[in-house]
Amino acid sequence: MIYKVITKSEFKKFINGLIKENQTFGPRQVDEDINGKPIYQFREVHSFDEMDLDYTVTYSSVKNFFLPFREILSRYTFQGDDWEQSLEYRVNPRVIVGLRPCDINGLAILDKIFIKGAFPSPYYLARRNNTFLIGMDHEPLEDCFCESLNHHVVRHGFNLFCSDLGDRYYLSIDSSKAFNFLKNVETTEPTKKDNEKFIARKNFIERSFKTRVEVTGLPSFLDIEFKSPIWKKWGDKCLNCGTCAMVCPTCYCYGIEESIDVSLKTSRKERFQYSCNIVDFAEVAGGHNFRPLREDRLKYRFYHHYRGFAENAEEPICVGCNRCGRACLAGINPRDVINDLRLESKDELPAT
Amino acid sequence: MNYRLLKQDINLKPFMTMPPQFNRKTIVMRTDKVYKCEIINIVELTGLEKLFHLKILDPVEREIFSFRPGQFIMLEVPGFGEVPISVSSSSNNREFIELCIRKSGRTTNMLHRAKKGAKVGIRGPFGTSFPMEEMAGNNVLLIAGGLGLAPLRAPLYWVIERRDEYRDVAVLYGTKEPEQMLFTYQYEEWEKVNHVKLLTIVEKADKDWKGRTGLITELFEEINIDPDNTYVIVCGPPVMFKFVCNHLDSLGIPMNRMFVSLERRMHCGMGKCCRCMVGSTFTCVDGPVFDYWSVLNLQEAI
């Protein structure tokens, strides 16, 4: 990794240059929640000043730029008794500015599943190759717990990452594209003092976390607690709406749907985001449902997130952003569920 | 001053020119491209099940496509949907594949209305297979319930084609009613020509039924199983697995010689959609063939 330092005014020039030449998305306030707090989302921007770069976190994650809610996988054209299939993988290049570490780490986890697996997804790969990512660090919110999962720092999966040093940004450059673009503006090599400031900033962020979730040994713990009554308690609250999966940076389960156009001449095969909390997720032909109860499905989401699957080396895929907890209509959040599980098993242990 | 991002195209290889290499950097394939097939024959087996013979139209693609017993393919009916179906023909047959399909949903209902000459698509093959080479020199016991006979036909063909490599081969087959029995026209051939011991049983007999009545586990009383050199393959409804495998376990057959083929909902076949997850693994990539230990080891498998 190459490190550089840039002043904030030069950085603005740099971003405006990118915006002028490419389709660019950045954080913008779209609404207010019930308490009057702003809600941010990534939206298309046309100048640096349109963005709210000192935002908290976006409501949805950046995942949907790579795994859209609906995307067409292939089209069929019918002609007489015959049909022809056509596939489209190409996408246009774009820039996304202001990603948080949880977004970037979420993408790094999705890369493992969609690019490094046995069948790499060309749709995901095309989007990933053609997106330029600029990340930014931030001070954690009250309920962020990414530090517990070690996802408050970024390692890879971005093009450029900016750490705030007050009047300047400390840049971590992780791609040749970013390196070349930065030749357009004035940057300096980091001095010893800059490095000290950068580390101080890192430590400051690390200390500001107010929420902690104990995740050591969680994978085997979840295997052991598979039949715990705690799941019923939280399962009874769950509404099975699937909101958590839609805002999550790493939830990637999907469904496939095919539909014929009204003209009856073409049809399309679409992929749509799905959630393992929805009732027919595991229902097979003949009507047998492998996970008929709400608690089974809620448990499975936690099982997947904190135990991990063979596909991603059985590592937890949760990044600790707590977007699901904020979005949940029934007030279920991962911190409470995991703490509940841990507490319950502590009660059962004989006192030593 | 140049800030323009250049469009980066990815280089795609045709689908499945070679099997995926696990744990290594894998090639990016045109994973959603289907092989176009023609339905060259339809055999009506029962009121609900039909056997479809599919021939891949493109000769190059036909050459590429090969599968092993136990693997499945994704069958696409354009405009209606995609369903995972296990191949139930001989893996030596490179001309056409046979799929036994029950009418049970939107896609399969449509498929049952299709006539000879209709064109459908297939992707695959996907999943793991039965270790047929490892079984050579041993007794083979195939246990099927209901539609479970369809995926077992592929290993059965494998054994029949190399009959001298295997010792005693037996098939235990149970259904609810006599008219639900599949492939009845082949029973005589299997027994008399191929020396396969075939025992059938039904739960509810009708007036024409002269065979046994009861549950499939009752068939165990009629055969001798040598636990030291018998390999077992089980396929059927989830409730059957538990009883059959428990019984086999009590006979002393090692867990790594008992294989089951699991059924789950699937949308992609490639370990991406998560619909088929069992415990912490995917039925489509690490299954559908599991040995009994893996099944016990996974949460909620049977």
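The structure displayed is predicted, hence computed values, not measured ones.

### Structural notes on the overall build of chain A
Secondary structure assignment for chain A yields 11 helices and 11 strands. Against the compact-globule benchmark of 20 Å for 352 residues, chain A has a radius of gyration of 22 Å, which places it among compact chains. For the C-alpha atoms alone, the extent of chain A along its principal axes is close to 75 × 65 × 40 Å. Looking at chain A residue by residue over its 352 residues, the buried ones come to 40%. Taking as baseline every contact in chain A between residues at least 6 positions apart, the subset at least 24 positions apart corresponds to 72%.

### Overview of the interface of chain B and chain A
If you look at the interface, chain B gives 47 residues, while chain A gives 53 residues. Broken down by secondary-structure element, the contributors of at least two residues to the side of chain B that touches chain A are strand 4 (81-86), strand 6 (119-126) and strand 14 (281-282) of chain B. Grouping the constituent residues of the side of chain B that touches chain A by class yields 19 nonpolar, 14 polar and 14 charged.

### Description of the domain arrangement of chain B
All names here are of chain B. In terms of domains, chain B is made up of domain 1 (35-126) and domain 2 (132-261). Using only C-alpha atoms to locate each centre, domain 1 and domain 2 end up separated by 24 Å. Within the side of domain 1 that touches domain 2, the residues separate by chemical class into four nonpolar, eight polar and two charged.

### With respect to the domain arrangement of chain A
Residue and element names in this part refer to chain A. One can read the domain layout of chain A as domain 1 (2-67 + 87-207) and domain 2 (218-348). Computed from C-alpha coordinates alone, the two centres of domain 1 and domain 2 are separated by 27 Å. Every contact between the two is made by 23 residues of domain 1 and, on the other side, 18 residues of domain 2. Split by residue class, the side of domain 1 that touches domain 2 holds 12 nonpolar, seven polar and four charged.

### A word on the sheet that holds strand 10 (residues 254-260) of chain A
Residues and elements named next belong to chain A. Strand order in the open sheet formed by four strands is 5-4-11-10, with antiparallel pairing between adjacent strands. Only two strands of the sheet have a single partner each, and these edge strands are strand 5 (82-87) and strand 10. Between one strand axis and the next, the sheet turns by 20 degrees as a mean value, whatever way the strands run. Of the pairings in the sheet, the one linking strand 4 (residues 70-79) to strand 5 comprises six bridges and is antiparallel in character. Residue pairing for strand 5: Phe78 is matched across the bridge by Trp83.

### Considerations on the pairing of strand 9 (residues 196-202) of chain B
Every regular strand shows the same layout, with side chains that alternate between the two sheet faces. Residue and element names in this part refer to chain B. Summarising the sheet, strand 8 (residues 169-175) and strand 9 pair through seven bridges and their orientation is parallel. For Ala170, the partnering residue across the bridge sits in strand 9 and is Lys197. Of the crossover connections in this fold, the one passing from strand 8 over helix 5 (residues 187-193) to the parallel strand 9 is right-handed. Bridging between strand 9 and strand 10 (residues 212-213) involves two bridges; their strand directions are parallel. If you follow Val202 over to strand 10, its bridge partner there is Thr213.

### A short note on the environment of B:Phe183
Relative to the elements of secondary structure, B:Phe183 occurs in the loop between strand 8 and helix 5. Distance from B:Phe183 to B:Arg153, taken between C-alpha atoms, is 9.6 Å for residues 30 residues apart in sequence.

### Description of the pairing of strand 4 of chain B
All names here are of chain B. Among the six residues in strand 4, six count as buried, and that is most of the element. Residue alternation in strand 4 divides its side chains into two sets, Gly81, Val83 and Ile85 and Glu82, Pro84 and Ser86, and both sets are buried. The pairing of strand 3 (residues 72-77) with strand 4 spans six bridges and is classified as antiparallel. Each bridged residue has a counterpart across the sheet, and for Val77 the counterpart in strand 4 is Gly81.

### Quick look at the confidence of the model for chain B
When pLDDT is averaged along chain B, the result is 87; 96% of the residues meet or exceed 70. Predicted as a complex, the structure gets a pTM of 0.89 and an ipTM equal to 0.86.

### Section: unusual backbone geometry
Peptide bonds are mostly trans, and most non-glycine residues show a negative phi. Residues and elements named next belong to chain B. Put simply, Gly124 and Pro125 share a cis peptide bond, and its omega is 0 degrees. Here Pro125 lies in strand 6. Not every positive phi belongs to a glycine, and Cys274 is a case in point at roughly 70 degrees. Summarising the element assignment, Cys274 is placed in the loop between strand 12 (258-261) and strand 13 (277-278).

### Describing the environment of B:Ile233
All names here are of chain B. Summarising the element assignment, Ile233 is placed in strand 11 (residues 230-235). Accessibility expressed as a C-beta count within 10 Å gives 26 for Ile233, which makes it buried. In the structure, Ile233 is positioned 57 residues away from Phe290 in sequence and 9.8 Å away in space, judged by C-alpha atoms. Apart from residues lying up to four places away in sequence, Ile233 is in contact with Phe130, Leu142, Leu152, Pro155 and Phe259.

### A look at the packing of helix 7 (residues 230-237) of chain A against helix 9 (residues 294-307) of chain A
All names here are of chain A. It is the contact of helix 7 with helix 9, at a shortest axis distance of 8 Å, that shows an interaxial angle of 105 degrees. Relative to helix 9, the element helix 7 is oriented roughly perpendicular. Two secondary-structure elements touch here, helix 7 through Trp231, Lys232, Trp234, Gly235 and Asp236 and helix 9 through Arg294, Glu295, Leu298 and Lys299. In terms of residue class, the contact of helix 7 with helix 9 is made up of three nonpolar, one polar and five charged.

Definitions and cut-offs
Residues numbered from 1 in each chain as written. Chains lettered and ligands numbered in written order. Predicted model: local features only at pLDDT ≥ 70, side-chain atom pairs only at ≥ 80, totals over all residues. Helix = DSSP H or I, 4+ residues; strand = E, 2+ residues; numbered from the N terminus. Rg over C-alpha atoms; globule rule 2.2 N^0.38 Å. Buried ≥ 20, exposed ≤ 12 C-beta atoms within 10 Å, placed from the backbone. Contact = placed C-beta atoms within 7 Å. Nonpolar A, V, L, I, M, F, W, Y, C, P; charged D, E, K, R; others polar. Domains from an automatic or database assignment. Pairing = 2+ DSSP bridges. Axes fitted to C-alpha atoms, helices over the stretch in contact; angles between N-to-C directions. Right-handed = clockwise from strand over helix to strand, strands pointing away. pLDDT = per-residue confidence, 0-100. Parallel < 35°, antiparallel > 145°, perpendicular 65-115°, else oblique.

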